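What the coordinates show
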Amino acid sequence: MKISCLSLCLLSTMCWLYSTPTTGNKIFQFGPCMISMNVNEIRASFTAIKATIQAKDAIRTISILSYPYSLHNFNSANRCCIIHHLLRFYVDKVFKHCETEDSHVNRKISSIANSFLSVKKKFRQCNEQNVCNCGEEAIEKYKQILSNYGQLNTTSAAMKSLGELDILLDWMEKAH
Ligand SMILES: *[C@@H]1O[C@H](CO)[C@@H](O)[C@H](O)[C@H]1NC(C)=O
């Protein structure tokens with residue numbers, strides 16, 4: 001009896017281990033916060049609409065996330081700070097203002113928005129106990145992002161920020 005229970009436990013652990021990569025949830029550490037996120041699902045939705053979104057973006061001289069320099073390797077506390085701000089930025093300033101005439105594209109956008117919303121909630125829960133300490137570097141970078149966003153009208157700024165989502169995802173995964 002004991003043996004069969006043990007093997008059952010082993011089996012379920014193995015199943016769990018094997019199923020983790022396919023469900024796509026990855027754990028990211030941002031300062032004190034460990035956040036699980038289905039980054040593959042977000043990427044898949046984004047990839048499906050990227051060309052449509054970027055084709056609508058006529059203003060090539062500005063980047064929201066990468067001007068005047070790219071998101072770089074901040075230390076752990078600053079990573080936490082930046083990601084916390086950018087989650088709020090995307091939820092409050094970007095997805096709300098992104099709409100196209102294409103309902104398929106709109107559905108993908110709301111699926112990405114829902115994923116961000118759930119990550120943002122996890123972050124808020126973490127922040128109730130552990131606040132990320134924002135360094136000057138992170139605050140400065142976020143100010144620049146807001147200032148780039150402010151150069152365009154709400155719709156253009158939102159669509160451009162959406163089109164740059166892969167910059168954010170790459171940055172999260174690279175530093176991971
Ligand atoms: C926003 O800016 C874009 C590009 O300059 C322009 O095509 C669009 O009509 C503007 N929208 C509004 C609501 O002003």
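Our subject is the structure that appears above.
Read on for a plain summary of the structure. Computed from a predicted model, the values in this text were never measured in an experiment. (Residues numbered from 1 in each chain as written. Predicted model: local features only at pLDDT ≥ 70, side-chain atom pairs only at ≥ 80, totals over all residues. Heavy atoms only, no water.)

**Describing the pairing of strand 1 (residues 25-30)**
We apply this condition: We treat two strands as partners when DSSP finds at least two bridges between them. Helix and strand definitions follow DSSP, with helices as H or I runs of at least four residues and strands as E runs of at least two, each counted in order from the N terminus.
Bridge analysis of strand 1 against strand 2 (residues 33-38) gives six bridges, and the strand direction is antiparallel. Paired with Q29 across the bridge in strand 2 is M34. Between the end of strand 1 and the start of strand 2, which pair antiparallel, lie two residues, with G31 showing a positive phi angle near 55°.

**Looking at the nonpolar core**
To be explicit about the condition: Only buried residues count toward a nonpolar core, which is a set of Ala, Val, Leu, Ile, Met, Phe, Trp, Tyr and Cys residues joined through side-chain atoms within 4.5 Å. The classification of residues rests on relative accessible area computed with a 1.4 Å probe and restricted to protein chains. Under 20% of the type maximum is buried, over 50% is exposed, and intermediate values are partly exposed.
F116, L168 and M172 are the most contacted members of the largest nonpolar core, which totals 49 residues. At the level of elements, strand 1, strand 2, helix 2 (39-55), helix 3 (76-94), helix 4 (103-129), helix 5 (136-150), helix 6 (154-163) and helix 7 (165-175) are the ones that each hand at least two residues to this core. Here the element with the most residues in this core is helix 3; it accounts for ten residues.

**Observations regarding the packing of aromatic side chains**
This is how it is decided: In summary, the pairing rule links any two rings of Phe, Tyr or Trp, Trp by its six-membered ring, whose centres are within 6.5 Å, and it sorts them by plane angle into stacked for under 30 degrees, edge-to-face for over 60 and tilted for everything else.
Within the structure shown, the criterion is met by eight aromatic pairs. Look at F28 and F30: their rings are 6.0 Å apart centre to centre, the planes differ by 10°, and that puts the pair in the stacked class. Taken as a pair, F28 and F30 share a single burial class, namely buried. Ring plane angle 40° and centroid distance 5.9 Å describe the contact between F30 and F123, whose orientation is recorded as tilted. Of the two residues, F30 is situated in strand 1 and F123 in helix 4; the sequence distance between them amounts to 93 residues. Residue F30 shares its accessibility class with F123, and that shared class is buried. Among the aromatic side chains, those forming a connected cluster through ring pairs are F89, Y90, F95, F116, Y142 and Y149.

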